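Close look at the chain arrangement
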Amino acid sequence: MTMAQNPTEPARDAESARNAGQSPGNERPPAPVADARGQQPAAPAPLTTTPDSAVLLKWLRDMMLIREFEVRSMQAYQNKLAGGFLHVYNGQEAVAVGCIGATQHHDPIVTAYRDHGHALARGMDPKVGMAELFGRIGGCAKGKGGSMHFFDANNHMYGGHGIVGAQTPLGAGLAFATKYRDEVIDERANDAVSLCFLGDGAINQGAFHEALNLAELLDLPVIFIIENNGYSMGTATARGTAGASDLRKKAVGYDMAACRIDGMDVLSVWRSMKPLVDWCRSESRPALVDMQCYRFKGHSMSDPRKYRTHDEEKHWEAEDPIGRLARQLVSAGAVSQDELKVMGKAVRSEIREAVDWAKASPEPPIEELYHDVYTDVWGPYTGTSLPEFMRRRASDREQR
Amino acid sequence: MSIEITMPRLSDTMERGTIIKWHVAEGDEVTAGDVLADVETDKATMEMQSFDDGVVAGIKVPEGQAVDVGTVCAILSEDDDAAAGDQTQPTAAEPAQPAPAPETTPSHVEVIEAAAVRTSAGGSGRPDLRITPVARRLAEAHGVDPATLQGTGPSGRITKKDVLAAAETTQEVAAAVPPSAAPADAVPVESPALAPIEQPGVPSTPVSAGGQLALHDDDRREPVSGMRQTIARRLVQSKQEIPHYQVAMSFDMDALVELRSRLNSELAEYEVKLSMNDLIVRACALAMARNPLMNASWDTDAIVYHNRVHMGVAVALPEERGGGLVVPVIHDADRRSLRSISAQTRALAAKARDRGLSPEDMEGATFTVSNLGMFGVDDFTAIINPPNSAILAVGATLQKPVVRDGELAVGWVMKATLSNDHRVVDGATAARWLNTLKELIEHPSAILV
Amino acid sequence: MTRAIEFRDALREAMSDEMRRDKRVFLLGEEVAQYDGAYKVSRGMLEEFGPRRIVDTPISESGFSGMAIGAAMMGLRPIVEFMSWSFSLVAADPILNNAPKMLYMSGGQLGVPIVFRGNDGAGGQLGSTHSWCVESLYANVPGLKMIIPSTPHDAKGLLTAAIRDDNPVFCLESERMLSLTGDVPEASYEIPIGEAVIRRPGSDCTIVSFGRPVHFCLEAAEALVAEGIECEVIDGRSIKPLDINTIAESVRRTNYCVVVDQSWSFASVGSEVAAEVHRVCFDDLDNHVHRVHSDDVPAPYAHNLEQEMLPNARKICEAVRACTYNA
């Protein structure tokens, strides 16, 4: 019996606990291991190739579109057009665009509440995104989800989820479903990879660890992408997470492949994510990514960012993924400054149209309150359980 | 093109903000993302940033001043380059969208108000009466007045059992209102076979000096039936609320006695057997039709004149069945033939004795006839049966000395007393009605047609 | 053809029938596969359907519940077995925050056709952490349906309906009823969710109950015959949606209503039924609705205390007498 295993004699410190755990004095026989692999696979090496400049220009435009969407979101929030909580994605655009650029359109993605960027990168029309922020019927969730709950089933975007870490088991479930669909129902090889985005704050939730455990146990093709922007809300990662120096370590205990990526450079993101996505798809295995990035704005709109310095912010703003890619493209001669200006104007114009469209979209009719609670329109809300005002409206409609 | 920079909402709860420090001055060039000012909110000191490129054309709010969210703090004029192709309307100047009035609010208010109305309506009843909802409903259906019941539930709560027990002992009560006196045929020999009648409303219980009931050892205390309670309550109410007065008159009955006798013998084979009461009811109905001012009811701030004449006929119930009385109603008695009135009265009396009257049998009387002639009573007064305005108390038809053409003779005489509600019927009106009745009874051909 | 089988067999038949019918249906949970089911509900299913469709999970309710919900969002139709609903509390976020709200939050885009099922209520001297009656806690949440069968026949029919339902359905079973035997048709059939049934007709008092306590109600009803009280026993079968119409129709005839609910009384299924009966049948009541619940204490271990804490026939008889003024 070692110290670490004796609850009445707690280990003095982490070091002694580790030593005790490895003590040869522990004579218990090894537990039976169901999965004999027992090793953490190495993540595939990053690519060195570069996509066509047309692809790079599209990524640039996508990132600019996300940035402009977020700027106008903030403005709308300050003008009270948008309510609730607003968490903007400024600075992290390369993560969503690069990761999603490495997937196929049918690969499901799911994320947390800082979700505008992922939805737009996946192809959501900014009009329906903006209308959702404004709480209008034209919104992607008919105004019933809001900023934190963007959904776009046609683009295989399975949400925006408001509870930190809650989307990680869901991400495992998306992978379970595609694998089951392909292998059990259609009886063919697995053909999808799910991307599950999460913040560094989510890794201390139990759900995250349960999801990693299940994903590895069940060989689920899912990539958990920790968008490690350094802060869990206002708490620096190291203040909330043990072992924060290298989040890849979180995968070690689950024998899960892991890698670290520079999330401020879309090309780096793609070069690492592309082979990883391909590997997960072909091997039907999960992986974990420590995606290093920086959140230019506060956690939410009411965050004064007193926990970090202006110097720090200036340092990271110099790493702005949009400017970085633009400079690369200009220096490579793929685009001119004038063309960039034209692109900027087009993006501003597109988002302005989205704002105008969202403003023109009506508020949801009051019937929407009771729609979509159950799949059948009124669900169990019939007869007496339907509130009086809804009964009146229901009967009015029947009469019409 | 100029853009208005408004006080931003910098937290979900912020309503006002104070400009702590301006980081720009008029004439400064700014680009989107530049910090324009520090703003103190309810939560913290935050940055006001520019969303657009431009030149500061004016500062509208000095440092240290608190303004509402949405207030214009500065004006930015866009440089031409930025303005070209960017027709962004000054979104900052967009008036803050008024919080949409939730449509559900009026509905909720409506519901609450409706509930309040219902509550107060319900509360206008008897606050001291504790009765379960179903008992209240059953009492109404069975014509049992809950106020007369002693509840057996907790704290005297009247329950379904209490109401059903009361309804069982007084099946006939229902919605009908008991009259002041029970009818009988004026001619004892041929009166309908009705059981003896008791007159309600006359207290016979010994009452002590203090008004307290003195109970002696040999007294028998018997709980009153629901019907008896109804009779008691309604007649007390009638006596207390209605300013009664009486008008009496004697009738020469020779012609009517002769007519009845002739009709009964001539029509015997058609099973026609008219009672004196049938003839009197018919005569009263015709008198009502000819004096519509009598066919009326008091209704607090109005008098209701009834277009139709429905005659209530007090019927006594056999004592072996608990006694009491009911008032079946002959509807549209002025338009019915004698034969119809007779048959209807007979049928209702039989029904009352056998299995009880239904509420419809007892609804809607506009006048009541009560007849105690069968007991040899030659003269009495009756209590009005609300909402009637009058009731006729009919005495026995007796042979008496009469003066006819200056000669003393023996004739059939009946005395009847009309009780009136003075709120509705004045003395002269009552007298006119009695004279009409006298005309009809003493010259009864009109009764026949 | 109908034959007598155990409650657990009826549950398995529903699941197996549906898994044969629809490849999107699969079962996951602790000990469902290799162990053949912690309570033998899934006995033999691994053999028939293999490990891809009968999925053993680690003891990780939050993880595997969330995973199943994610799979359901993609169109699969998972059946999640909780060994005990008591253990579902660590999965509260996925089962309450995700499953019932996903359709709404996505504006109708993504439903969650899933069944959560397992043992609910006191298993017998398991102490408080393992004796949860979750119905009142969970039925409060919009977007989910909840069934609580009390017979093998209903178990098969309701679970079949639940698996075919496009909404999240919580199926509450009882360890104490798994061995209960009853007549069950061999063929597949559905009992519509949201339809109560009159287990015993009677004219004097309506007793409404759900799940295992229905049997205590029937016991009490038989005992009360000797006192001249004929009770009508209604088995709600579904808690959400609640079949208030069947209950109201009965109360309008009897004028008395006793609700028997094995969860705690505060803000419970029982208080909901009582409130609805008072609202719908106000003018038909001769007394307020009386309620029998588990006592408002944590479930004790000692046998006698546990028996006293749970609804039982004696408590139900007392409530009926009090309600009908026969106390």
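This text goes with the structure placed above it.
In short, a report on the structure. It should be emphasised that the depicted structure is a prediction, and the values quoted were computed from it without experimental measurement.

1. A closer look at the environment of Ala42(A)
- Examined against the element boundaries, Ala42(A) turns out to sit in the loop between helix 1 (14–21) and helix 2 (53–78).
- When the C-alpha atoms of Ala42(A) and Met256(A) are compared, they prove to be 8.5 Å apart, with 214 residues separating the residues in sequence.

2. As for the nonpolar core
- Counting 250 residues, the largest nonpolar core has Ile223(A), Ile207(C), Val258(C), Ile316(C) and Val320(C) as its most contacted members.
- Ranked by size, the runner-up nonpolar core spans 67 residues in total, among them Phe251(B), Trp298(B), Val326(B) and Ala393(B).

3. Quick word on unusual backbone geometry
- A cis amide bond, omega 10 degrees, links Pro386(B) with the succeeding residue Pro387(B).
- Its place among the elements puts Pro387(B) in the loop between strand 16 (367–371) and strand 17 (390–404).
- Phi is positive for Lys40(C), close to 65 degrees, though the residue is something other than glycine.
- Looking at where Lys40(C) falls in the secondary structure, it is placed in the loop between strand 2 (25–29) and helix 2 (45–49).
- According to the C-beta neighbour criterion, Lys40(C) is partly exposed, with 16 such atoms within 10 Å.
- The backbone of Asn255(C) shows a phi angle near 70 degrees, a positive value even though the residue is not glycine.
- With respect to the element layout, Asn255(C) can be found in the loop between helix 9 (244–254) and strand 13 (257–260).

4. Things to note about the packing of helix 2 of chain A against helix 3 (residues 93–101) of chain A
Residue and element names in this part refer to chain A.
- Look at helix 2 against helix 3: their axes get within 9 Å of each other, and the N-to-C directions meet at 135 degrees. By the angle between their directions, the pair helix 2 and helix 3 is classed as oblique. Pair helix 2 / helix 3 crosses with right-handed handedness. Two secondary-structure elements touch here, helix 2 through Trp59, Asp62, Met63, Ile66 and Arg67 and helix 3 through Glu93, Ala94, Val97 and Gly101.
- A class-by-class count of the residues in the contact of helix 2 with helix 3 yields five nonpolar, one polar and three charged.

5. Quick notes on the interface of chain C and chain A
- On the side of chain A, 41 residues touch chain C, which itself brings 42 residues to the contact.
- Sorting the residues of the side of chain C that touches chain A by element identifies helix 3 (61–73), helix 4 (92–98), helix 5 (102–105) and helix 9 of chain C as the ones contributing at least two each.
- Ranked by residue count, the leading element in the side of chain C that touches chain A is helix 3 of chain C, at ten residues.
- Grouping the constituent residues of the side of chain C that touches chain A by class yields 18 nonpolar, 17 polar and seven charged.

6. With respect to the packing of helix 9 of chain C against helix 10 (residues 269–280) of chain C
Residues and elements named next belong to chain C.
- Their axes nearest at 10 Å, the elements helix 9 and helix 10 cross at an angle of 60 degrees. Accordingly, the angle class assigned to the pair helix 9 and helix 10 is oblique. Seen from above, helix 9 lies across helix 10 with right-handed handedness. Two secondary-structure elements touch here, helix 9 through Ile244, Ile247, Ala248 and Val251 and helix 10 through Val273, Glu276, Val277 and Val280.
- Residue classes in the contact of helix 9 with helix 10 are distributed as seven nonpolar, no polar and one charged.

7. Thoughts on the sheet that holds strand 3 (residues 54–56) of chain C
Residues and elements named next belong to chain C.
- Read from one edge of the open sheet, seven strands run 3-2-4-5-7-6-12, paired in mixed fashion. One side of each edge strand has no neighbouring strand; the edge strands of this open sheet are strand 3 and strand 12 (238–240). Going from strand to strand, the sheet's axes swing by 20 degrees on average, the running direction of each strand aside.
- Each of strand 2 and strand 4 (77–84) is contacted by helix 3, which is oriented at about 165 degrees to strand 4, the strand it contacts most.
- Its contacts with the sheet place helix 7 (residues 152–164) against strand 2, strand 4, strand 5 (115–119), strand 6 (145–147) and strand 7 (169–173), and it is angled at close to 160 degrees to strand 7.

8. What to know about the interface of chain C and chain B
- Counting residues at the interface gives eight residues for chain C, matched by nine residues for chain B.
- Taken together, the residues of the side of chain C that touches chain B sort by class into three nonpolar, two polar and three charged.

9. Thoughts on helix 4 (residues 160–169) of chain B
- The set of residues buried in helix 4 of chain B consists of Lys160(B), Asp162(B), Val163(B) and Ala166(B). Projected down its long axis, helix 4 of chain B carries its buried residues within an arc of 165 degrees, all on one side.

10. What to know about the pairing of strand 4 (residues 35–40) of chain B
Residue and element names in this part refer to chain B.
- Judged from the four bridges that link them, strand 2 (residues 16–22) and strand 4 form a sheet pairing that is antiparallel. Note that in strand 4 the partner of threonine 18 across the bridge is glutamate 40.
- The pairing of strand 4 with strand 5 (residues 45–49) spans five bridges and is antiparallel. Bridged to valine 35 within strand 5 is glutamine 49.

Procedures and definitions
- Residues numbered from 1 in each chain as written.
- Chains lettered and ligands numbered in written order.
- Predicted model: local features only at pLDDT ≥ 70, side-chain atom pairs only at ≥ 80, totals over all residues.
- Helix = DSSP H or I, 4+ residues; strand = E, 2+ residues; numbered from the N terminus.
- Core = buried A, V, L, I, M, F, W, Y, C linked by C-beta atoms within 7 Å.
- Buried ≥ 20, exposed ≤ 12 C-beta atoms within 10 Å, placed from the backbone.
- Axes fitted to C-alpha atoms, helices over the stretch in contact; angles between N-to-C directions.
- Parallel < 35°, antiparallel > 145°, perpendicular 65-115°, else oblique.
- Left-handed = near helix turned anticlockwise from the far one by under 90°.
- Contact = placed C-beta atoms within 7 Å.
- Nonpolar A, V, L, I, M, F, W, Y, C, P; charged D, E, K, R; others polar.
- Pairing = 2+ DSSP bridges.
- Arc of directions from axis to C-beta.

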